[in-house]
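Single-letter residue listing:
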Amino acid sequence: MLMGAIWTFMIVTAILYGCANGNADAVAQAALEGAEAAFELCFSIGGAICLWCAVMELMKEAGLAERLAALLRPILGRLFPNSAKHNDIMEPLSANVSANLLGLGNAATPMGIRAAQGMARLGEPGLASDELCRLVVLNTASIQLLPTTIAAIRGAEGAAAPFDILPAVWISSAVSVAVGLLAARLLEGKGH
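The shown structure was predicted, so the numbers you read here are calculated from the model rather than taken from an experiment.

Cut-offs applied
- Residues numbered from 1 in each chain as written.
- Predicted model: local features only at pLDDT ≥ 70, side-chain atom pairs only at ≥ 80, totals over all residues.
- Heavy atoms only, no water.
- Patch = residues over 30% accessible without salt bridge, like charges linked within 9 Å, V, L, I, M, F, W, Y side chains within 5 Å.
- Areas by Shrake-Rupley, 256 points an atom, 1.4 Å probe, with all protein chains shown as cover.
- Salt bridge = Lys/Arg side-chain N within 4 Å of Asp/Glu carboxyl O.
- Helix = DSSP H or I, 4+ residues; strand = E, 2+ residues; numbered from the N terminus.
- Core = buried A, V, L, I, M, F, W, Y, C linked by side-chain atoms within 4.5 Å.
- Buried < 20%, exposed > 50% of the residue type's maximum accessible area, 1.4 Å probe, protein only.
- Contact = heavy atoms within 4.5 Å.

## Comments concerning a nonpolar patch on the surface
Side chains of Leu2, Met3, Ile6, Trp7, Phe9, Met10, Ile11 and Ile15 sit close together on the surface and give an oily, nonpolar patch of about 850 Å² of accessible area. Structurally, the position occupied by Trp7 is in helix 1 (residues 2-20).

## Some words on the nonpolar core
Core analysis: the largest hydrophobic core is formed by 17 residues, its most contacted members being Leu76, Phe80, Leu93, Val97, Met119, Leu135 and Leu138. Of all the secondary-structure elements, those providing two or more residues to this core are helix 3 (64-79), helix 4 (87-101), helix 5 (105-122), helix 6 (130-141) and helix 8 (166-186). Sorting elements by how many residues they give to this core places helix 4 first, with five residues. For Leu138, the contacting residues outside a window of four places in its chain are Leu76, Phe80, Val97, Val177 and Leu181.

## Here's the deal with the pattern of salt bridges
This model, assessed by the stated rule, comprises four salt bridges. When the shortest N-O distance is used, the salt bridge between Arg121 and Asp88 registers 3.8 Å. On the criterion of sequence distance, the pair formed by Arg121 in helix 5 and Asp88 in helix 4 is long-range, its members being 33 residues apart. By relative accessible area, which is 59% here, Arg121 ends up exposed. Among the salt bridges present, the one from Glu188 reaches Arg134, with a minimum N-O distance of 2.3 Å. Placement of Glu188 in the segment after helix 8 and of Arg134 in helix 6 is noted, with a sequence separation of 54 residues between them. By relative accessible area, which is 26% here, Glu188 ends up partly exposed. Judged by relative accessible area, Arg134 falls into the buried class, the value being 5%. If you follow the salt bridges from partner to partner, you end up with Arg134, Arg185 and Glu188 in one network.

This is the structure in structure tokens:
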């Protein structure tokens, strides 16, 4: 709500400023060009997201997503020891982390919500458990092996090699996850 108000204020201020300076035609032209560019970008990203969601679905059908989730379970069991005892939490959690590794944030979200709901049922009502906070950190910082959404945006904007950012993405996402999980560990129990 607040962000909507801030964006509205910025847009209205820009339009009024442009009109006051006698640039109403330029403001109108820029608005139309911006709307066209936004549509093209959304259309391009939508296609790429559909492609990678289909790849994820094929991985599921082939059993590859399940194998990746099984590989992640020992690590996730150490990060989420209370939740590890509950298959109804670990299954969507593993699938969520797998989808995030593949850069499929849109496909990961429903599974992350299911895992978070399961973790919330284990804790005190109205209070986020330490494990739930770690899940939020892990999802926010998530390590991405294939940053598909970013690559789709780069491709839509004309990048010759949309995936040439992989080493930087791997390093920055690994560091952000490590720092986030360390901060979560240091702050454990402080909210009780």
